[in-house]
Amino acid sequence: MSVRVFVPRDSTALALGANEVARAIAREAAARNQEIQMVRNGSRGMFWLEPLVEVEVDGERIAYGPVSEDDVASLFDAGFVSGKAHSLLLGKTEEIPFLKHQERLTFARIGITDPLSLDDYLANEGYAGLQRALSMTEEQIVQEVTDSGLRGRGGAAFPTGIKWNTVRTTQATQKYIVCNADEGDSGTFSDRMVMEDDPFMLIEGMTIAGLAVGANKGYLYVRSEYPHAIAVLNDAIALAEQAGYLGERICGSDKAFELEVRVGAGSYVCGEETALLESIEGRRGIVRAKPPLPAIAGLFGKPTVINNVISLATVPVILARGAAFYRDYGMGRSRGTLPIQLAGNIKHGGLVEKAFGVTLREMLVDFGGGTRSGRPIRAVQVGGPLGAYLPLSQFDTPLDYEAFLALGGTLGHGGIVVFDDTVDMLKQARYAMEFCAVESCGKCTPCRIGSTRGREALDKVIAGEDREQQIHLVRDLCDLMLNGSLCAMGGMTPFPVLSAMDHFPEDFGITRHTAAKEAA
């Protein structure tokens, strides 16, 4: 009897040898006359266990990992196709604590299904949201998303329903849906996992968005560094078109929606929505002045919904199960769940989907297991390279948009990068200024010049030249960038710089008293 064996096709697993493991399993099975059905699923998000091999026994998945090519023969010897004991046996996949204690709504299918199997998708609540949306008016769809409390998962946390309603009520003969998949923040990979491991979910979410606002055309803007995601998306779009879930008459209705993948050219600032629009239109990615807002005059001058991958990928579950179901998760104004990405010096790096309200300490200790080096955690950066550095004293902060804003930081895209006690925070602050100087589009002076002068000033601090004067200059530059930059590139660069100076003044050669006085 054929046994189903699952080996991930996610690019993280591939980088760790998943293809070699899959080929070795196929060879070994053939040599032993063992009939197997190989399923190339997505990753479960437990990257320290990749390649994670699963086998289906009596309707349950049994996990082994991390598996190398050299382990395959011994797995067969031990009887892994029957779920038998082996040194790499992890037990029932769903019972692994890292997975068991999550609330997977957006990532419910990821790691379970074959990403390009429409049958798998449909068997796991796929397109249930679209079917319901087809029976609703535009206003009803937008109201459902509004009532769910969904906010932008790309960093700004703007209410998704309000953005959609603005586009819906703006009169135009043509409207667009744009997915911002230019995932450039350090320590983030949730967008990539959605695109590679459950692409139909994103396609469904964009289609529902199109129905909600009266748009019949969508663009997926994907960074060029994601070749696997680009290939999977194009294949999934073709399959959805063939099955009638995209095109002129969606599911036999009178509604139409088309999707196209556009590939970026490696610019971090193209993650900013207006620079992204410039890039799609074939120009250099430079930030546009606002107004007009993209919701009024966006792509090609037409009303445009621009949402992050996770925002759009979450829409299907909201439509399928209702706004109240999603709204019941979370805290305060942060409703639902957030895919949190653990990276850097962390023992258990990977993706955790939890309801808003879980604390930073719970993420770092209960899920992350502390540092990979075994040394104490000294700082974490949340929200990408422009996020604030948080010290140990702030680790009990709940993951909530307003809670992080109160700390002078941002929850952003949900990326958490961990540093142990060997980190030099002066060098990290200098890196933030350098990053901005390199990645700035150059349109506004505070960002273009402020970051360059900031890097120069911090170089002098590192060299021990006029430290107090240079630190005072850096704070002035940060104030200018915060209040004068055209977009978040320059406006948020001060977050990591100021938080490093305020919480780790000893690395800058100043006392905490002096740091507090300067901050005031």
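See the structure above.
Analysis parameters
- Think of each chain on its own: its residues are numbered from 1, step by step along the sequence as written.
- Restriction of local features to residues with pLDDT of at least 70 applies here, the model being predicted, together with a cutoff of 80 or more for giving and counting side-chain atom pairs; totals for whole chains, interfaces and linings are based on all residues.
- Side-chain metrics rest on all non-hydrogen atoms present in the structure, leaving aside hydrogens and water.
- Helix and strand assignments follow DSSP, with helices taken as H or I runs no shorter than four residues and strands as E runs no shorter than two, numbered in order from the N terminus.
- By the convention used here, residues are in contact when the closest approach between their heavy atoms is within 4.5 Å.
- A pair of strands counts as paired when DSSP detects no fewer than two bridges linking them.
- For every element, the axis is a line fit to its C-alpha atoms; helices are fit only across the contacting stretch, and the angle between N-to-C directions ranges from 0 to 180 degrees.
- Whenever two N or O atoms come within 3.5 Å, that pair is a polar contact, provided that in protein one can donate a hydrogen and the other can accept it, and provided that, for residues adjacent in sequence, both atoms are side-chain atoms.
- Between 30 and 60 degrees the pair is tilted, below 30 it is stacked and above 60 it is edge-to-face, where a pair is any two Phe, Tyr or Trp rings, Trp via its six-membered ring, whose centres lie within 6.5 Å.
- Here's how the labels work: a residue is buried when its accessible area is under 20% of the maximum for its type, exposed when over 50%, partly exposed in between, all with a 1.4 Å probe on protein chains only.
- Only lysine NZ and arginine CZ atoms are considered, and such an atom sits over a ring when it is within 6 Å of the ring centre and within 35 degrees of the ring normal.
- Handedness of a crossover: with both strands directed away from the viewer, a clockwise path from the first strand across the helix to the second marks it as right-handed.
- Should a side-chain nitrogen of Lys or Arg be within 4 Å of a carboxyl oxygen of Asp or Glu, the pair is scored as a salt bridge.

Student: Talk me through the environment of D114; I want residue IDs and the actual numbers.
Tutor: Note that D114 resides in the loop between α4 (97–100) and α5 (118–123). A sequence separation of 108 residues divides D114 from F6, and the C-alpha atoms of the two residues are 9.1 Å apart. Residues contacting D114, with those up to four places away along its chain left out, are V39, R40, N41 and D120.

Student: Give me the lowdown on the sheet that holds strand β9 (residues 304–308), citing residues and values where you can.
Tutor: Here we have four strands laid out as an open sheet, ordered β8-β7-β6-β9, and parallel in their pairing. Of all the strands in the sheet, just β8 (258–263) and β9 have a single pairing partner and so form its edges. Direction aside, neighbouring strands of the sheet carry axes that sit 20 degrees apart on average. Against the sheet, helix α10 (residues 199–213) touches β6 (176–181), β7 (217–222), β8 and β9, its axis set at about 145 degrees to β6. In the packing of helix α11 (residues 227–242) onto the sheet, contacts are made with β7 and β8, and the angle to β8 comes to roughly 165 degrees.

Student: Give me the environment of K290: which residues, what numbers.
Tutor: In this structure, K290 sits in the loop between α12 (273–280) and β9. Separated by 16 residues in the primary sequence, K290 and T274 have C-alpha atoms spaced 9.0 Å apart. Setting aside residues no more than four positions away along its own chain, K290 makes contact with E272, E273 and T274. A polar contact is formed between the side chain of K290 and the side chain of E273, at a distance of 3.0 Å.

Student: A description of the packing of aromatic side chains should follow, citing residues and the corresponding values.
Tutor: Scanning all chains against the criterion turns up 15 aromatic pairs. Centre to centre, the rings of F356 and Y401 are 5.2 Å apart; their planes meet at 45 degrees, and the pair counts as tilted. Remark: Y401 occurs in helix α16 (residues 401–406) and F356 occurs in the loop between β13 (350–355) and α15 (360–367); sequence separation between them is 45 residues. The pair F356 / Y401 is uniform in exposure class, with both members buried. Joined through ring pairs, the aromatic side chains of Y121, Y127, F200 and Y245 make up one cluster. The lysine or arginine in question, R61, covers the ring of F6, its NZ or CZ lying 3.5 Å from the ring centre. The residue whose ring lies beneath K217 is Y219, and the NZ or CZ to ring-centre distance is 5.1 Å.

Student: Quick one: what's the story with the sheet that holds strand β5 (residues 89–92), residue by residue and with numbers?
Tutor: By definition, the strands of a sheet pair up through backbone hydrogen bonds, in either a parallel or an antiparallel sense. Read across the open sheet, the five strands follow the order β2-β1-β3-β4-β5; overall the sheet is mixed. On the outer flanks of this sheet lie β2 (36–39) and β5, each paired with one strand and no other. The mean angle between the axes of side-by-side strands here comes to 25 degrees, regardless of whether they run parallel or antiparallel. Across the sheet, helix α2 (residues 18–31) lies against β1 (3–6), β2 and β3 (53–57), angled at about 170 degrees from β2, the strand it touches most.

Student: Describe in detail the pairing of β7, supporting the description with residues and values.
Tutor: β7 sits mainly inside the fold: six of its six residues count as buried. In β7, alternate side chains face the same way, and those of K217, Y219 and Y221 on one face and G218, L220 and V222 on the other are all buried. As paired strands, β6 and β7 are joined by six bridges and run parallel to one another. Residue A181 lies in a different strand from β7, and its bridge partner there is V222. Alignment of β7 against β8, held across six bridges, turns out to be parallel. Following the sheet pairing, L220 is matched in β8 by V261. Following the chain from β7 across α11 to the adjacent parallel β8, one finds a crossover that is right-handed.

Student: Explain the pattern of salt bridges to me, and be specific about the residues and the numbers.
Tutor: With the rule as written, the count across this model stands at 35 salt bridges. The network of salt bridges with common partners includes R44, E54, R61 and E94.

Student: Residue-level account of the pairing of β3, with values.
Tutor: Where β1 lies against β3, two bridges are found, and the strand directions are antiparallel. Within the sheet, the bridge partner assigned to F6 lies in β3 and is E54. Across five bridges, β3 lies against strand β4 (residues 60–64) in antiparallel orientation. Note on β4: the bridge partner recorded for V55 is I62. Counting the residues that bridge the hairpin from β3 to β4 gives two residues, and of these D58 lies at a positive phi of roughly 55 degrees.

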